[in-house]
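Summary of structural features
Each chain, written out:
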Amino acid sequence: LPAGFPSGSGDWLARSYQDQVRFDLPAARNAARRATELAPSFGLGWARLAELEFALGRLEASRRALERARQLAPELPTVFSLEGYMALAADDPRAARAAFDRAIGLDGSLGPAWLGRGLAHAGLFETDAARRDIQVAAVLEPQRGLFRSYLGKAFGQDGADGLAEKDFRLAKELDPADPTAWYYSALHHQQLNRNNSAIRDLEHSVVLNDNRAIFRSRWLLDQDLAMRNADLAVLYAVAGLDEVGERAAIRAVGDDYANHSAHLFLSRSYASASDPMQYDLR
């Protein structure tokens, strides 16, 4: 092997983080897999592999790696945190909350676990508990813009508009390359009927969408982009920009053909164009 090339399991694990920072998730996953091959009893390596399989949308492979990590490192809090996020992805907030409870019990300073439990509470319509947990996450890691984005969303849902806008502003300052704050800020503006501000923020979130490639596969990024463009199409229509809205809906369908919202809005755009007076209601 050339000098400086990873040779041990720890080296390959470090290489996986390096590849992730370079926006190369498949290479990061392969490096983590190599770490587990060199050290099959390395629980942290299996947890890292599970995390990267999940980021790539390979849920079954992630579950297998996670189960192995749990067997080898039953007290590793990140294992239970990832289990919670997988439960959220499977639309099972009750199971997610139990997993995050376990992660927090093992490490009360684990910000992602507090955020995840907040999202689980939100999925169970426990809004006060959701906001409190997300606040704890933001306090534990005050430099994480993503946590501020979710906290702003939680405040907005509670009607605390001033606090929501403060956290959206902080999130944009802390991580100007992350589209999340811009997206939630746009939805917040939309709720307050500030359509021009909503359009500006949502357009910017579309521009920044691929910056999430450090955490998400190309397929998942396309799903995100389709969702943003579908929402943008709705906002354009509200602002009276029907042709622009139709083009945004077409882009949404192209980004993710399985996105039902994009198809629905595109069909409505066509119907409106063919029957502008809405006379033929069929």
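Structure shown above.
First, a word on scope: everything that follows refers to the structure included in this document. (Residues numbered from 1 in each chain as written. Predicted model: local features only at pLDDT ≥ 70, side-chain atom pairs only at ≥ 80, totals over all residues. Heavy atoms only, no water.)

**Re the pattern of salt bridges**
Summed over all chains, the structure comprises 19 salt bridges. Between Arg-48 and Glu-51 there is a salt bridge; the shortest N-O distance is 3.0 Å. You can see Arg-48 and its partner Glu-51 sitting in helix 3 (residues 43-55), three residues apart, about one turn around the helix. For Arg-48, a relative accessible area of 2% corresponds to the buried category. Residue Glu-51 is classed as partly exposed on the basis of its relative accessible area of 36%. Notably, a salt bridge pairs Arg-144 with Glu-141, separated by 2.9 Å at the nearest N-O pair. Residue classification places Arg-144 among the partly exposed residues on the basis of a relative accessible area of 35%. (Salt bridge = Lys/Arg side-chain N within 4 Å of Asp/Glu carboxyl O. Helix = DSSP H or I, 4+ residues; strand = E, 2+ residues; numbered from the N terminus. Buried < 20%, exposed > 50% of the residue type's maximum accessible area, 1.4 Å probe, protein only.)

**As for helix 11 (residues 179-191)**
Counted at 1.5 Å a residue, the expected span for helix 11 with its 13 residues is 18 Å, and the 19 Å between its end C-alpha atoms agrees. Counting buried positions along helix 11 yields ten of 13 residues, so the element is predominantly enclosed. When we look at burial in helix 11, the residues that qualify are Pro-179, Thr-180, Ala-181, Trp-182, Tyr-183, Tyr-184, Ser-185, Ala-186, His-188 and His-189. Just downstream of helix 11, Asn-193 is the residue with a positive phi angle, here 60°. (Expected span 1.5 Å × (residues − 1).)

**Side note on the packing of aromatic side chains**
Aromatic ring pairs are defined here through the distance separating the ring centres and the angle between the ring planes. For the structure shown, the criterion picks out three aromatic pairs. Between Tyr-85 and Phe-100, the aromatic rings sit 5.0 Å apart at their centres with planes inclined by 80°, giving edge-to-face as the arrangement. Of this pair, Tyr-85 sits in helix 5 (residues 77-89) while Phe-100 sits in helix 6 (residues 93-106), and the two are 15 residues apart along the sequence. Given the relative accessible area of 0%, Phe-100 is considered buried. Linked through ring pairs, Tyr-150, Tyr-183 and Tyr-184 together constitute an aromatic cluster. Residue placement shows Arg-48 over the ring face of Tyr-17; its charged tip is 3.7 Å from the ring centre. A cation over a ring is seen here: Lys-172 above Trp-182, with NZ or CZ 4.2 Å from the ring centre. (Phe/Tyr/Trp six-rings, centres within 6.5 Å; stacked < 30°, edge-to-face > 60°. Lys NZ or Arg CZ within 6 Å of the ring centre and 35° of its normal.)

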